[in-house]
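# Summary of the model geometry
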Amino acid sequence: MESLSTLCGVPQGLEIVRESSSSATSNTLLSELVEDRRARLNREYWARNPHRRWRHRYLQRCKKYALVPTLVPFTKEDLVDAWGDRCFDCGDPDWDQLDHRTPVAAGGSHDLENCRPVCASCNRRKYRESDRLMIAAFRKEGGS
Ligand SMILES: [Zn+2]
């Protein structure tokens, strides 16, 4: 009787390992581990490269609002050099967000001129107090 390796055209000496139910379980565990690791690496990548995350989100929002992107790439270091390493509005050194002074949904560009480092609470306040109005005015003018 021919061996399974010969029947399948697998070179002699290589063994075909059949999947048992226990190895199927370990494959599931393995793929979960690989997925966890991939998710962790993604999180670390975006944490190390916030400017890429900002740019990615900007492009997503342009697509969502059917706007043509206006983008001049910059890094977090460029932003800090231009506007300081603190919230532009309140001075909190714990800033972690990017604010588009003219909101993206109101046609705001993604460049150092229009972007500022801000803390989460200032970003929310600005949205409530001015962004919404700017977006509404932009849409009224037929922006998008
Ligand atoms: Zn602030």
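Residues numbered from 1 in each chain as written. Predicted model: local features only at pLDDT ≥ 70, side-chain atom pairs only at ≥ 80, totals over all residues.

### Some remarks on the overall build of the protein
Stated precisely, the cut-off is as follows: Helix and strand definitions follow DSSP, with helices as H or I runs of at least four residues and strands as E runs of at least two, each counted in order from the N terminus. Our contact criterion uses C-beta atoms placed from the backbone: two residues qualify when those atoms are within 7 Å.
Regarding its fold elements, the protein presents five helices and two strands. For the protein, the N- to C-terminal ordering of α and β elements is α-α-α-α-β-β-α. Within the protein, counting contacts between residues at least 6 apart in sequence, those at least 24 apart form 62% of the total.

### Overview of helix 5 (residues 120–140)
Just so we agree on the cut-off: By this rule the span expected of a helix is its residue count minus one, scaled by 1.5 Å. Bend, in this description, refers to the angle at a residue between axes fitted to the seven residues ending there and the seven starting there.
Here helix 5 is 21 residues long and its end C-alpha atoms lie 28 Å apart, about the 30 Å a rise of 1.5 Å per residue gives. In the structure, helix 5 departs most strongly from a straight axis at tyrosine 127, where the bend amounts to approximately 50°. Of the residues flanking the end of helix 5, it is glycine 142, one or two places downstream, whose phi is positive at about 90°.

### Thoughts on unusual backbone geometry
The criterion, for reference: Here exposure depends only on C-beta density: within 10 Å of a residue's C-beta, 20 or more other C-beta atoms make it buried, 12 or fewer make it exposed, and intermediate numbers make it partly exposed, the C-beta atoms being placed from the backbone.
One non-glycine residue, alanine 66, adopts positive backbone phi at about 55°. Relative to the elements of secondary structure, alanine 66 occurs in the loop between helix 3 (50–64) and helix 4 (76–83). On the basis of neighbour counts, which here come to 8 C-beta atoms within 10 Å, the residue alanine 66 falls in the exposed class.

### Notes on the pairing of strand 2 (residues 115–118)
So the rule is basically this: A strand pair is defined by DSSP finding two or more bridges across the two strands.
Burial along strand 2 is two-sided: the residues Cys115 and Pro117 and Arg116 and Val118 are all buried. Pairing geometry for strand 1 (residues 97–100) and strand 2, over four bridges, is antiparallel. Considered in strand 2, the bridge of glutamine 97 is made with valine 118.

### Quick notes on the nonpolar core
As a reminder of what qualifies: For this entry, the nonpolar core is defined as buried Ala, Val, Leu, Ile, Met, Phe, Trp, Tyr and Cys residues connected by C-beta atoms within 7 Å.
Within the largest apolar cluster, 10 residues are counted, these being Trp54, Tyr58, Cys62, Leu79, Leu98, Val104, Ala105, Ala106, Cys115 and Ile135. Residue contributions to this core peak at three residues, all from helix 3. Aside from chain neighbours lying at most four places away, what touches cysteine 62 is Leu67, Pro69 and Val104. Cys87, Trp95, Val118 and Cys119 belong to the second largest nonpolar core, which has six residues in total.

### Details of the confidence of the model for the protein
Our working definition: For every residue, the predictor reports its confidence as pLDDT, a number between 0 and 100.
For the protein, mean pLDDT is 87; residues scoring 70 or higher make up 83% of the total. Across the protein, element-level confidence peaks in strand 2 with a mean pLDDT of 98 and bottoms out in helix 1 (residues 4–7) with 47. Low confidence marks residues 1–8, where pLDDT is under 50. Its contacts with residues over four positions away, or in another chain, come to seven contacts.

### A look at the environment of leucine 133
Within the secondary structure, leucine 133 is located in helix 5. With 12 C-beta atoms counted inside 10 Å, the residue leucine 133 sits in the exposed group. With 27 residues separating them in the primary sequence, leucine 133 and alanine 106 have C-alpha atoms 9.4 Å apart.

### Brief notes about the environment of asparagine 123
Structurally, asparagine 123 is set in helix 5. A tally of 19 C-beta atoms within 10 Å means that asparagine 123 is categorised as partly exposed.

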